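Topology and contacts: notes
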Amino acid sequence: MEDAPIRVLKDFNPEQEWILEHGDMLYLPPQYAHYGVALEPGMTYSIGFRAPKTQEIAVKFLEYLQDELCLEGMYADPDATVTSVPARIDEQFTDRISQMLQNIQWNDERVKDFIGRYFTEPPPHVFF
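First, a word on what this report is: a plain description of the structure on this page. (Residues numbered from 1 in each chain as written. Predicted model: local features only at pLDDT ≥ 70, side-chain atom pairs only at ≥ 80, totals over all residues. Heavy atoms only, no water.)

1. Notes on the packing of aromatic side chains
What counts, and what does not: Only centres within 6.5 Å qualify two rings of Phe, Tyr or Trp (six-membered ring in Trp) as a pair; their planes then separate them into stacked at under 30 degrees, edge-to-face at over 60, and tilted for everything else. Secondary structure follows DSSP: runs of H or I at least 4 residues long count as helices, runs of E at least 2 residues long count as strands, and numbering of each begins at the N terminus. Partly exposed describes any residue whose relative accessible area lies between the buried limit of under 20% and the exposed limit of over 50%, with all areas from a 1.4 Å probe on protein chains only and scaled to the type maximum.
Under the criterion given, the structure shown has seven aromatic pairs. Taking the centre distance of 5.4 Å and the plane angle of 10 degrees together, the rings of Phe114 and Tyr118 count as stacked. Here Phe114 pairs with Tyr118, and both are found in helix H3 (residues 108-118), just four residues apart, close to one helical turn. For Tyr118, a relative accessible area of 9% puts it in the buried group. With 4.9 Å between their ring centres and 80 degrees between their planes, Tyr118 and Phe119 make a pair best called edge-to-face. Here the aromatic cluster, defined as three or more aromatic residues joined through ring pairs, consists of Phe61, Tyr64, Trp106, Phe114, Tyr118 and Phe119.

Encoded structure:
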């Protein structure tokens, strides 16, 4: 189904079947399709672990940092001169901005905080 909140395979053909008892747990590694049916009333839980791409983690970490960082100072260039080549980005300007960006730092505690927040956040389409 195209509009399903989870990925659903169009043609699913099971290769194995397990019947679990109360309290049993079945581990399915990543990339294994599955289909579960309750044989009697009860509660079941499906816990998925995210495996995002490196690019996504980096983008989300930078978004996290924008809310966590508190950098001092303000851009200033009192000794700037008019560029001799219109529309060229001046090397001094680049150096100043680069120096400011060097102040963006993080440590293991900040990374752990990010991991705890990011990997436990449900996807946008999941509602509780």
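There is more to say after this.
2. With respect to helix H1 (residues 54-68)
For the α-helix, the turn length of 3.6 residues means that residues three or four positions removed from each other point alike. As a reminder of what qualifies: For a helix, the expected span equals 1.5 Å multiplied by the residue count minus one. This arc is built from the directions going out from the helix axis to the C-beta atoms. The contact criterion used is simple: two residues touch if any of their non-hydrogen atoms lie within 4.5 Å.
For H1, with 15 residues, the first-to-last C-alpha span of 21 Å sits near the 21 Å given by 1.5 Å per residue. Those residues of H1 not exposed but buried are Phe61, Tyr64 and Leu65. For H1, the arc enclosing every buried residue in end-on projection is 100 degrees, short of the 170-degree limit, so these residues lie on one face. Away from its buried face by more than 90 degrees, H1 exposes Gln55, Leu62, Gln66 and Asp67. Buried-residue contacts for H1 involve H3.

3. Quick word on the layout of surface pockets
The cut-off we apply is this: A 1.4 Å probe that fits into a set of points on a 1 Å grid over the protein atoms alone but cannot get out defines a cavity; an open set with protein on both sides within 12 Å along at least five of seven lines defines a pocket, and lining residues are those with an atom within 4 Å of a point. Grid points are joined across faces, edges and corners, and a volume is the space filled by probe spheres set on the points. Just so you know the grouping, Ala, Val, Leu, Ile, Met, Phe, Trp, Tyr, Cys and Pro go in nonpolar, Asp, Glu, Lys and Arg go in charged, and all remaining residues, Gly too, go in polar.
The volume enclosed by the second largest pocket comes to roughly 320 Å³. Lining the second largest pocket we find 13 residues, and of these Lys60, Glu63, Arg117, Tyr118 and Glu121 sit closest to its centre. Taken together, the elements giving at least two residues each to the lining of the second largest pocket come down to H1 and H3. Residue contributions to the lining of the second largest pocket peak at five residues, all from H1. Residues of the lining of the second largest pocket, tallied by class, amount to six nonpolar, one polar and six charged.

4. Details of the environment of Thr44
Tracing the chain through its elements places Thr44 in the segment before H1. Overall, Thr44 belongs to the exposed group, its relative accessible area being 68%.

The quantities given are spatial measurements derived from coordinates; they are silent on function.
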